[in-house]
Amino acid sequence: MPQIKKILVANRGEIALRVMRTAREMGIATVAVYSEADREALHVRYADEAVCIGPPPSSESYLRGDKIIEVAQRLGADAIHPGYGFLSENAAFARAVGEAGLIFIGPSPEAIETMGSKLAAKRAAGERNIPMVPGTDGAITDRAEAKRISEQIGYPILIKASAGGGGKGMRVVEKPEDFDEQMDRAVSEAVSSFGDGSVFIEKYITSPRHIEIQLLGDQHGNIIHLFERECSVQRRHQKVVEEAPSSVLTPAIREAMGRCAVEVGHACGYYGAGTVEFIVDDKLDFYFLEMNTRLQVEHPVTEQITGVDLVRQMIYIAEGKPLTMKQEDLSIRGHAMEVRVYAEDPATNFLPDVGTLQTYVRPQGNGVRLDDGFEQGMAIPIHYDPMIAKLVTYGQDRAEAIAKMIRAIDEYQITGVQTTLPFGRFVMEHEAFQSGQFDTHFVSKYFTPDKLAFPPDDACTQLAALVTARLLKNPDRLKVVDSALPATKSQWKTRRR
Ligand code: MV4
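Residues numbered from 1 in each chain as written. Predicted model: local features only at pLDDT ≥ 70, side-chain atom pairs only at ≥ 80, totals over all residues. Heavy atoms only, no water.

Draft legend 1. Region of interest: empty space enclosed by the protein. Following the criterion strictly, the structure yields two cavities of 30 Å³ or more and no others. Along the walls of the second largest cavity sit 13 residues, with P82, I105, T293, R294 and L295 positioned nearest its centre. Tallied by class, the residues present in the lining of the second largest cavity amount to seven nonpolar, five polar and one charged. (1 Å grid on protein atoms, 1.4 Å probe; cavity = no way out; pocket = protein on both sides within 12 Å on 5 of 7 lines; lining within 4 Å. Points joined across faces, edges and corners; volume = space filled by probe spheres on them. Nonpolar A, V, L, I, M, F, W, Y, C, P; charged D, E, K, R; others polar.)

Draft legend 2. Expanded view of the pairing of strand β9 (residues 209-217). Most of β9 is tucked away, with nine of its nine residues classed as buried. Along β9, one buried face is formed by R209, I211, I213, L215 and G217 and the opposite face, lined by H210, E212, Q214 and L216, is buried too. The pairing of β9 with strand β12 (residues 272-280) spans nine bridges and is classified as antiparallel. The partner of L215 across the bridge, within β12, is G274. As judged from the six bridges shared by β9 and strand β10 (residues 223-235), these two strands associate in the antiparallel manner. The residue bridging G217 from the neighbouring strand is I223, located in β10. (Buried < 20%, exposed > 50% of the residue type's maximum accessible area, 1.4 Å probe, protein only. Helix = DSSP H or I, 4+ residues; strand = E, 2+ residues; numbered from the N terminus. Pairing = 2+ DSSP bridges.)

Draft legend 3. Local environment of the packing of helix α4 (residues 91-99) against helix α5 (residues 109-116). Axis separation between α4 and α5 bottoms out at 8 Å; the angle between their running directions is 175 degrees. Classed by the angle they form, the pair α4 and α5 counts as roughly antiparallel. In contact with A91, A94 and R95 of α4, α5 contributes P109, E110, I112 and E113. Its residues assigned to classes, the contact of α4 with α5 shows four nonpolar, no polar and three charged. (Axes fitted to C-alpha atoms, helices over the stretch in contact; angles between N-to-C directions. Parallel < 35°, antiparallel > 145°, perpendicular 65-115°, else oblique. Contact = heavy atoms within 4.5 Å.)

Draft legend 4. Broad picture of the state of the cysteines. A full pass over the atoms with the stated rule returns zero disulfides. C268 takes part in no disulfide bond, and the closest cysteine sulfur to it belongs to C260, at a distance of 14 Å. In this structure C268 comes out as buried when scored by relative accessible area, which is 14%. (Disulfide = S-S within 2.5 Å.)

Draft legend 5. Spotlight on the site of the ligand. Around the ligand, the structure places 16 residues, and the nearest of them are K160, E202, K203, I205 and E277. At a separation of 2.7 Å, a nitrogen atom of the ligand approaches a polar backbone atom of K203. Contact distances for the ligand include 3.1 Å between a nitrogen atom and a side-chain N or O atom of E290. Protein contacts shield 88% of the accessible area of the ligand, which totals 540 Å² for the unbound molecule. Listing elements by their share of the shell around the ligand, those giving two or more residues are β6 (157-161), β8 (199-203), β12 and β13 (286-292). (Near = heavy atom within 4 Å. Polar contact = N/O pair within 3.5 Å; in protein donor to acceptor, adjacent residues only side chain to side chain. Areas by Shrake-Rupley, 256 points an atom, 1.4 Å probe, with all protein chains shown as cover.)

Draft legend 6. Inspection of the nonpolar core at higher detail. Counting residues in each nonpolar core, the largest one holds 41 residues, and the members touching the most others are I388, L391, M428 and F433. For this core, the secondary-structure elements that each account for two or more residues are β11 (238-244), β14 (335-342), β18 (368-372), β19 (387-395), α12 (398-411), α13 (421-429), α14 (431-435) and α15 (442-446). With six residues, the single largest contributor to this core is α12. By size, the runner-up hydrophobic cluster in this structure holds 34 residues, among which are I224, V308, V311 and Y342. (Core = buried A, V, L, I, M, F, W, Y, C linked by side-chain atoms within 4.5 Å.)

Draft legend 7. Inspection of the pattern of salt bridges at higher detail. Tallied over the entire structure, the rule returns 38 salt bridges. With a shortest N-O distance of 2.6 Å, E202 and K122 are connected by a salt bridge. Highlighted residues: E202 in strand β8 and K122 in helix α6 (residues 118-126), separated in sequence by 80 residues. Under the relative-accessibility criterion, K122 is labelled buried at 9%. The shortest N-O distance in the salt bridge between D180 and K147 comes to 2.7 Å. Here D180, found in helix α8 (residues 179-194), pairs with K147, found in helix α7 (residues 143-153); they are 33 residues apart in sequence, far enough to count as distant. For K147, a relative accessible area of 29% puts it in the partly exposed group. (Salt bridge = Lys/Arg side-chain N within 4 Å of Asp/Glu carboxyl O.)

Structure below.
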C-alpha cells in the first residue's frame, strides 16, 4: 500500500492551509503552488516548499493542471489534494494526475464524470430506489412532449441544466403560457455557461430546505455517512450560513436520508469524501438532487459534531486503506454553526469590497474555530473568491452554538474592507433562524440592508441613535451607560469602519 509522504496542495487560501495542517499532523510534507498575486499568502509561508505557477488569473495559475502536475513530479510529491473549486471536480485533471503516477486525493475520474452530469447522476441513482423529484427521465428533445409531462407533474415546474451549477440555467415556470420563453432562456444560458444545452424538468418544490449528507467511502466498497449539514441560508445560490445537525430532521428521517446517500455513493462506486445534496419539503419528504465530489467549504461543521478529521480520512482513503470507522461508531455530539466571512458589503447588495485588512483581530475562546487564510496587513486579491474566513462555533446545543457565534462575531475585528460579518449577526439574531422555521428563501424574504445592526457606512450615527434609545427607555441607567460607553462598545464598533 502506498504511503503518502509529500502532498502538493493545488489550491490557495483557507482550504490550502486546512489541508496542509492535517498533512503536517500526519508527518506528511507539503508543497504549495501559488500565483503571482499570492506571493505573500499564508499557504505559501506555511508549506514546506512553494512554487510559483503563473500570473494572477486562475486560468494561468490555479487552473493549470499541466503545470501543477509537473511541479508535483519535479518536487517528488506522491499525491495532489485539490481542495474545493479550481480543479477539484475536473475529471480530466484527476485522470491526468493518475496517469502521471501520482495519487489524486479524491474520487475516481469516472465518479467525478458521472456526478458532473445531473442527468447521469439521476440515472445512476434511479436504479436504486432513491426518492427523486417527479420530472423528466432524461434531457428534453421534444418540446411538445415536455409540455405534456409538465402538465402531468403540475405547475410550477423547474427547468434545470444537466451540466448546471450555482443556479445557472435554472428557470422556474409558473404556468404553461411561460413554458417556451423560459425553456429558450434556460437552454441558451446552459449553452453559454457550460457549452451543453441539455436541460430537464422537475416539479418545483416551492419552499425547500437544502440539506446535504457527508459521505466517506474507501477503495474497498465501504461507504459511511457522517450525518447532515443544513445549508438553507443562501444568497443567490451562495451559501452564507451552514450548520450541523439540521434542526428539522428527526432521527428516523436522518437515518433514511443517510441510507439513501450511501446508496447514491454505491451507485457510482464512490470513494473519498463526497456530499449528497437533497431538498426537503415542508412535509419533510426528501429528494435526491445531485452529488458533489469534493471536500466542501462547509465540511468543518461536520468535523465538529462527529470529531472526524475529514482531510485525514481522505488521505487514508487515497492511500488505499480501508475505513476504520463503522456507521454504528458514529454519532452526533453537540451543534456546530458556520458563518462565511466575505469581503463583500451587505449594505450595497454584497458588492465585493477588496482592499487591505487594516485591522484583523480574530475571535478566540471556547467553541470557536476560525479557518482563514489572511493576516493583518494583507491585501485581498481581486482575482479570486472574496471569502476571507469561515467562522465556526460549536456548543452543546443549537442555542449555545448561536450564542457563541454572536459573541465571536462581536470579537472579530476587521477594518479596511467591509465584510459579511454584520449580515451573519443578522441571521443569528433573526427569530425565524433561531426558531428553525426557515427555508432557502430566508435571505430574500427577510433581509434588507436596514436590518443590519450597524450599517457600516454610518456606524457612529447608528450608535448614537442606539444609545439615545436606550437612555430614553431606561433613564436611571444613564450613569452606567455613560461611563461604560467610551471604554467598550462605542469605540469598538467605530473601529470596525
Ligand atoms: C430545486 C429547488 C426546488 N425544486 N429543485 C438550487 C441549486 C441546485 N443545487 C438545486 N437547487 C434547487 N433545486 C426543485 N425541483 C430549489 C433549489 C434551490 C433554490 C432554488 C431557487 C432559489 C434558491 C435556491 C436555493 C437552494 C436550492
